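# What the coordinates show
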Amino acid sequence: MILDGASPEAIARAAEALAAGELVGLPTETVYGLAADAGNDAAVRGIFAAKGRPADHPLIVHVANQAGVARFAAEVPAFAGRLIDAFWPGPLTLILPRRPGMAEAAAGGHPTVGLRCPAHPVAHALLAACAARGVHGLAAPSANRFGRVSPTTAAHVAAEFGDALLVLDGGACDVGIESTIVDCSRGAPVLLRPGQLGQADIERVAGIRLLSKEELAAPDPQAPGTLLAHYAPNAKLRLMEAAQLRTALDILGPDAAHIAVYARTPLRSASARLIVRRMPDDAAATAQQLFAVLREFDAAGARLIWVEAPPADAAWDGVRDRLTRAAASA
């Protein structure tokens, strides 16, 4: 059931459902989430069951403001506090040491917890309404089956889980890919997942160099969206350079069928059965539409999706990460 997220009545209805231990689809600026009361382990286990997600693969807990951090985190390093001050609300998740007994199921039983304060007004309104009902954080992974393409509209969520799920409609997501994840649990900031927020901005605010996962001997804490294969459409996705795309289309000629192409480079094909979408030259615009385009290709019956490899510069890191993981699922 899709309800208007701008309606106070819909917000109240969703908050009541969450307080009662039910699941709700909610918009954020990144992607739509499948939410449950982070303090209700039975409700959170419902998320894992609905998604088909392994119970030890942790979820991000969304909080209304900075005050919510102290409820779930045992410690906030100074550099993490600076990141919170600068980038919350926004598309940044921080991995912090977890307070014992808090969000056990959401954290997958791990000693750390991922926390984020979303910037979407509907998410903010819902978090405030939930807090008034004693629900002080929402565990909310992307509202899709585990490993598949994330949803960026309310209709995408309904297509995944059916009409029985209450979904708040907040329009198409502005960012379109999941949040940047920075591990703050090991004394220095470590990038676990790239997103819209860039490395240079994080380092400038943190005042410390952002390390890569490979630079620390200690194993990374488990975090959402960091599996090798993830974000996959039903069709097999392949990343290709522009020259490879041209050659492949020339070889197939008019016989190209059941193939969808997403590319910045203008391409020609003798086939009328090819599905072609132009990739924007801008990384942010590409991120905003990426998952919706992959879903469109699936809906159109594509069996193969050929995507032009993103440019090498840092602005494209988030898009490149999602496409690389989607291709690894093929």
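Residues numbered from 1 in each chain as written. Predicted model: local features only at pLDDT ≥ 70, side-chain atom pairs only at ≥ 80, totals over all residues. Heavy atoms only, no water.

For the rest of this paragraph, the subject is the environment of Pro111. With respect to the helices and strands, Pro111 occurs in the loop between β5 (92–97) and β6 (112–116). Pro111 gets classed as exposed once you look at its relative accessible area, which sits at 62%. In this structure, the C-alpha to C-alpha distance between Pro111 and Pro121, residues 10 residues apart in sequence, is 31 Å. In contact with Pro111, other than residues within four places in its own chain, are Leu96, Pro97 and Arg98. (Helix = DSSP H or I, 4+ residues; strand = E, 2+ residues; numbered from the N terminus. Buried < 20%, exposed > 50% of the residue type's maximum accessible area, 1.4 Å probe, protein only. Contact = heavy atoms within 4.5 Å.)

On to empty space enclosed by the protein. Tallied over the full model, the rule gives two cavities of 30 Å³ or more. Space inside the largest cavity adds up to approximately 220 Å³. As for the largest cavity, its lining consists of 24 residues, of which Ile60, Pro141, Ser142, Glu178 and Arg193 are closest to the centre. Class assignment of the residues belonging to the lining of the largest cavity gives a composition of seven nonpolar, 11 polar and six charged. (1 Å grid on protein atoms, 1.4 Å probe; cavity = no way out; pocket = protein on both sides within 12 Å on 5 of 7 lines; lining within 4 Å. Points joined across faces, edges and corners; volume = space filled by probe spheres on them. Nonpolar A, V, L, I, M, F, W, Y, C, P; charged D, E, K, R; others polar.)

Here the focus is the side chain of Thr286. Checked against the element boundaries, Thr286 lands in helix α9 (residues 283–299). Not counting the four nearest positions on each side in its chain, Thr286 is found in contact with Tyr262, Met279, Pro280, Trp316 and Val319.

What follows concerns the nonpolar core. Val61, Leu94 and Leu115 are the most contacted members of the largest nonpolar core, which totals 44 residues. Leu94 has contacts with Ala80, Leu83, Ile84, Val113, Gly114, Leu115, Val182 and Cys184, leaving out every residue within four places of it along the chain. One finds Val149, Tyr231, Leu294 and Trp316 within the second-largest nonpolar core, a separate group that totals 24 residues. (Core = buried A, V, L, I, M, F, W, Y, C linked by side-chain atoms within 4.5 Å.)

Among the secondary structure elements, Thr30 is positioned in the loop between β2 (24–26) and β3 (33–37). Judged by its relative accessible area of 4%, Thr30 is buried. Separated by 2.8 Å, the side chains of Thr30 and Thr28 make a polar contact. Not counting residues within four places of it along the chain, the set of residues in contact with Thr30 comprises Pro91, Arg116, Thr152, Cys173, Val175, Gly176, Ile177, Glu178 and Ser179. (Polar contact = N/O pair within 3.5 Å; in protein donor to acceptor, adjacent residues only side chain to side chain.)

All right, on to the layout of surface pockets then. Over the atoms, a rolling probe the size of a water molecule traces out where space has been left empty. By volume, the largest pocket amounts to about 280 Å³. Lining the largest pocket are 21 residues; nearest its centre among them are Gly195, Gln196, Leu197, Ala314 and Ala315. For the lining of the largest pocket, the secondary-structure elements that each account for two or more residues are α7 (199–206), α9 and α10 (317–328). Class assignment of the residues belonging to the lining of the largest pocket gives a composition of 13 nonpolar, six polar and two charged. In this structure, the second largest pocket occupies an estimated 210 Å³ of space. Lining the second largest pocket are Leu191, Leu192, Arg193, Pro194, Ser212, Lys213, Glu214, Asp317, Arg320, Asp321, Thr324 and Arg325. When residues in the lining of the second largest pocket are grouped by element, the largest group, five residues, is from α10.

Turning our attention to helix α6 (residues 154–161). Extensive coverage of α6 is indicated by the burial of six of its eight residues. Those residues of α6 that sit buried are Ala154, His156, Val157, Ala158, Glu160 and Phe161. One or two residues past the end of α6 sits Gly162, with phi positive at roughly 85 degrees.

Relative to the 16 Å expected for 12 residues at 1.5 Å per residue, helix α1 (residues 8–19) spans 16 Å between its end C-alpha atoms, a close match to the ideal helical length. The complete set of buried residues in α1 reads Ala10, Ile11, Ala14, Ala15, Ala17 and Leu18. The arc that holds the buried residues of α1, viewed along the axis, is 160 degrees, so those residues lie on one side. Away from its buried face, by an angle of more than 90 degrees, α1 presents the exposed residues Pro8 and Glu9. In the segment just after α1, Gly21 is the residue with positive phi, at about 90 degrees. (Expected span 1.5 Å × (residues − 1). Arc of directions from axis to C-beta.)

Here the focus is the sheet that holds strand β8 (residues 166–169). The strand order across the open sheet formed by 10 strands is β1-β8-β2-β3-β7-β4-β6-β5-β9-β10, and the pairing between neighbours is mixed. Pairing within the sheet leaves two strands with one partner each, and these edge strands are β1 (2–4) and β10 (190–193). (Pairing = 2+ DSSP bridges.)

Moving on, we get to the packing of helix α4 (residues 78–87) against α7. Relative orientation of the contacting elements α4 and α7 amounts to 120 degrees, with a least axis distance of 8 Å. Considered as vectors, α4 and α7 are oriented oblique to each other. Judged by the twist between their axes, the crossing of α4 over α7 is right-handed. Taking contact as the criterion, the partners of Phe79, Arg82, Leu83, Ala86 and Phe87 in α4 are, on α7, Asp201, Ile202, Val205 and Ala206. Taken together, the residues of the contact of α4 with α7 sort by class into seven nonpolar, no polar and two charged. (Axes fitted to C-alpha atoms, helices over the stretch in contact; angles between N-to-C directions. Parallel < 35°, antiparallel > 145°, perpendicular 65-115°, else oblique. Left-handed = near helix turned anticlockwise from the far one by under 90°.)

Limitation: the analysis is restricted to geometry and does not speak to function.
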